[in-house]
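Residue-level structural notes
Each chain is listed here by its residues.
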Amino acid sequence: MTALTLTNVNKSFGDVHVLKDINIEVEDGEFVVFVGPSGCGKSTLLRVIAGLEDATSGEVRIGGEMVNATPPSRRGIAMVFQSYALYPHLNVRKNMSLALKQEKQSKAVIEERVGKASKMLNLEDYLDRYPSELSGGQRQRVAIGRAIVREPKLFLFDEPLSNLDAALRMNTRLEIANLHDALAASMIYVTHDQTEAMTLADKIVVLRDGRVEQIGSPMELYNNPANQFVAGFLGSPA
Ligand code: ADP
Ligand code: MG
């Protein structure tokens, strides 16, 4: 099964054409990394997939179903942002349960899912703390926990580690790789960090100026970059 299919997706803001004929497939369980320079349209593409922006034209399919008109909350997707966007007045437990309460899940289900996610993320001892009482790495783990409890089929990560220092970035990167194994969900992960792309990805999509420049496994892109631009991002020093 295919988790996500984008067919000739375009997005314009007024007369600014940001996404240009994007064609991408994500298989079930696949870890796909989007890379490309700042301003090339990575966040816009994630927002179109999530339904936070409408595609100007083209088709977005999730699990085979056309979702162009489906609201974000019904797409089976959870998104983790670079800025953690935690609610400062809610403790960790409540930050993690909020979306489930809005979905009207039972208390038992909420407790079970928050328990499971906090165990996976080593947050069990922090459930009663407030965001201001957490480190940057812990806050980012809470943000990931909020996505996990919703049990999405597809996770979208928008440069989730870029606010963390180098050591924490490596730890959190390993955690995300473990989560991908444990959850058997599909993940799309945006980064401009070459190490993250090379170590996490089953498949890398290189974007440039709103277009797909090349798609391939890390080794394919490293050994056979389609052009100078891809080589500059990921290729071997030729
Ligand atoms: P990236 O995440 O790769 O840095 P973005 O998707 O944030 O890139 O932005 C791609 C382009 O789209 C930029 O030129 C940006 O200015 C433009 N853009 C993004 N959102 C909007 C918007 N709401 N209105 C107008 N232009 C936008
Ligand atoms: Mg961005």
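Counting from 1, residues in each chain are numbered in the order their sequence is written. As a convention, the first chain written is A and the first ligand written is 1, with the rest following in written order. Per-residue local features of the predicted model are confined to residues with pLDDT of at least 70, and side-chain atom pairs are confined, for both listing and counting, to 80 or more; whole-chain, interface and lining totals are unaffected and use all residues.

Per an unreviewed UniProt entry, the protein chain carries the name ABC transporter ATP-binding protein and comes from Ruegeria spongiae. UniProt positions are given in the numbering used here, feature names are shortened, and annotations may be inferred rather than shown by experiment. Under the UniProt heading Sequence similarities (unreviewed entry), the entry covering the protein chain gives this text: "Belongs to the ABC transporter superfamily."

With 61 residues, the main nonpolar core has V33, L154, F155, L156, I188 and I204 as its most contacted residues. Distance between backbone-placed C-beta atoms decides contact: two residues are in contact if it is within 7 Å. Aside from chain neighbours lying at most four places away, what touches I204 is V33, V35, A197, G216, P218, L221 and L234. Definition of nonpolar core: a set of buried Ala, Val, Leu, Ile, Met, Phe, Trp, Tyr and Cys residues joined via C-beta atoms within 7 Å. Counting other C-beta atoms within 10 Å of each residue's C-beta, where C-beta atoms are placed from the backbone, gives the exposure class: buried for 20 or more, exposed for 12 or fewer, partly exposed between.

Further remarks concern the site of ligand 1. Defining nearness, a residue is near a molecule or strand when the C-beta atom obtained from its backbone falls within 6 Å of it. Near ligand 1, the surroundings consist of F13, V16, V18, G36, S38, G39, C40, G41, K42, S43 and T44. At the level of elements, β2 (16-27) and α1 (42-50) are the ones that each hand at least two residues to the shell around ligand 1. Among the elements that take part in the shell around ligand 1, α1 stands out by supplying three residues, more than any other. Split into classes, the residues belonging to the shell around ligand 1 amount to four nonpolar, six polar and one charged. A run of DSSP states H or I qualifies as a helix once it reaches four residues; a run of E qualifies as a strand once it reaches two. Both are numbered from the N-terminal end. All residues other than Ala, Val, Leu, Ile, Met, Phe, Trp, Tyr, Cys, Pro, Asp, Glu, Lys and Arg, Gly among them, are scored as polar; the first ten of these are nonpolar and the last four charged.

What follows concerns the UniProt feature "domain: ABC transporter" (unreviewed entry) in the protein chain. In this structure's numbering, the residues bearing the UniProt feature "domain: ABC transporter" (unreviewed entry) are residues 4-234. Summarising residues 4-234: 36% helix, 26% strand, and an end-to-end C-alpha distance of 24 Å.

Contact pair helix α4 (residues 136-148) / helix α5 (residues 166-183): the axes reach a minimum separation of 10 Å and the direction vectors enclose 25°. Considering the angle they form, α4 stands roughly parallel to α5. Crossing of α4 over α5 shows right-handed handedness. Note on element contacts: α5 touches α4 through L168, N171 and T172, opposite G136, G137 and Q140. In the contact of α4 with α5, the residues fall into one nonpolar, five polar and no charged. Axis angles are defined between N-to-C directions and span 0 to 180 degrees, where every axis is a line fitted to C-alpha atoms and, for a helix, only to the segment in contact. Our angle categories are set so that under 35 degrees counts as roughly parallel, over 145 as roughly antiparallel, 65 to 115 as roughly perpendicular, and the remainder as oblique. Throughout, a crossing is termed right-handed when the near helix is turned clockwise from the far one, and left-handed when it is turned anticlockwise from it by less than a right angle.

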